[in-house]
Amino acid sequence: MNLPPSRRAEWDMQKLSPCILPLMLIAFAGCNTCPKSGGYFGPTDSMDRVVADINANNEKIPSLWSSLYYRANIVDEKKQEHSLNGEGVFLYRQPNDLRLIGRMAPVQTIFDIGSNREGYWLRVIPQISTMWYGRYQDLANADLRAQHIPIRPDLVMGVLTVATINTNFSQLPAPTMRFNNEKDAYMFVWITRLPDRWLAYREVWYDRATRRPTLVILYDGDGRAVIRAELGLYKPVPVPNLPKEKWPQVATDYKLTFPDTGSTMQFTLSDDLALSNRGAPNNASFTMPNPQQADVDHAVRIGKSE
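Here is what the cut-offs are and how they apply
- Residues numbered from 1 in each chain as written.
- Predicted model: local features only at pLDDT ≥ 70, side-chain atom pairs only at ≥ 80, totals over all residues.
- Heavy atoms only, no water.
- Helix = DSSP H or I, 4+ residues; strand = E, 2+ residues; numbered from the N terminus.
- Polar contact = N/O pair within 3.5 Å; in protein donor to acceptor, adjacent residues only side chain to side chain.
- Contact = heavy atoms within 4.5 Å.
- Pairing = 2+ DSSP bridges.
- 1 Å grid on protein atoms, 1.4 Å probe; cavity = no way out; pocket = protein on both sides within 12 Å on 5 of 7 lines; lining within 4 Å.
- Points joined across faces, edges and corners; volume = space filled by probe spheres on them.
- Nonpolar A, V, L, I, M, F, W, Y, C, P; charged D, E, K, R; others polar.

Visitor: What is the right way to look at the side chain of Arg99 in this model?
Guide: Relative to the helices and strands, Arg99 is located in strand S3 (residues 97-105). Here Ser285 takes part through its backbone oxygen, which lies 2.7 Å from a polar atom of the side chain of Arg99. Dropping the residues within four chain positions of it, Arg99 is found in contact with Val89, Phe90, Leu91, Asp112, Ile113, Gly114, Trp121, Ala284, Ser285, Phe286, Thr287 and Pro289.

Have a look at this one:
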């Protein structure tokens, strides 16, 4: 059939239209089932399953020892910045014992961050020459902004994420879980009860596939972020009598930001990760230094006095 170009195009469309419509319907139907770009929209696991996987890893880490490299930018109460870097040692013991010692030379301590069952401390020797310390039972009454502790040890303790999660999800502090499709992560938020309201005070993002934490944020009573920590570079911790494929994994790179003070710190654990080294950590590892003998010019007590 000889048709002018305009009529030929109209004729071709009439012949193709019965085929185009079903194809369009299939395409639109497929959009609801195919994964969207830039996120994960497939199946996910229950909270029970996710917590069980996290605990299966963390229960194999009752303690941890490692040498480390650190960089810190400490902002004092006068908004002056002090940059520190060097090597040191990291010690941890469940549930809340922590020691992070930074050195500029093998025997010269530059800063000392610690936490045990009763209290916590931060000692910065060069330039600032101050030791801040306090007891956990007094923390609720402390004016932390007025006393300006640049890096809070209690918050550093809160971002390690190597402790197990209580499987009684209704017991306070209680975890809640939602899934973030765009970040492909399970987002856990812990809530507790204040005298006049509920408070969401801790948030941890766990990668969906690996169950490894990638981000930790802690909040104060006003919902303000007081520390933000990015976690990465996961490595296995050797465990005696366990095959290598069952060794637990821990983050070895921590990037910490303290929004209230502007201080930042990054520390990276070395490849010598171990549950212990020459008997450490032990009780002596987490003993608070005597503030009067801490080799500093100032000792600042956080919270109320004895």
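Visitor: Just checking my understanding: could you explain the pairing of strand S13 (residues 264-269) for this structure?
Guide: Consecutive residues of a regular strand have side chains that alternate between opposite faces of the sheet. Across six bridges, the pairing between strand S1 (residues 63-75) and S13 is antiparallel. By the bridge assignment, Arg71 is partnered in S13 with Gln266. Of the strand pairs in this sheet, strand S12 (residues 249-257) and S13 are connected by five bridges, and their pairing is antiparallel. Opposite Thr257, over in S13, you have Thr264 as the bridge partner. Taking the residues that link successive antiparallel strands as the turn, the S12-S13 hairpin has six residues, and the phi of Gly262 there is positive, at about 85 degrees.

Visitor: Looking at this structure, how should I read the environment of Gln147?
Guide: Inspection of the secondary structure puts Gln147 in helix H3 (residues 144-147). Sequence separation of Gln147 and Val300 is 153 residues, and the distance between their C-alpha atoms is 7.7 Å.

Visitor: So what exactly am I meant to see when it comes to the layout of surface pockets here?
Guide: Sizing a probe to match a water molecule and rolling it over the atoms shows the empty space that remains. Taken as a whole, the largest pocket spans an internal volume of roughly 1,600 Å³. Considering the residues around the largest pocket, the lining is formed by 46 residues, among which Leu139, Asp154, Leu155, Tyr201 and Leu218 are closest to the centre. Counted by class, the lining of the largest pocket contains 26 nonpolar, twelve polar and eight charged residues. Every residue lining the second largest pocket is counted, 24 residues in all, and those nearest its centre are Asp53, Asn57, Thr210, Pro248 and Gln249. Those elements giving two or more residues to the lining of the second largest pocket turn out to be helix H2 (47-58) and S12. For the lining of the second largest pocket, a count of residues per class yields 13 nonpolar, five polar and six charged.

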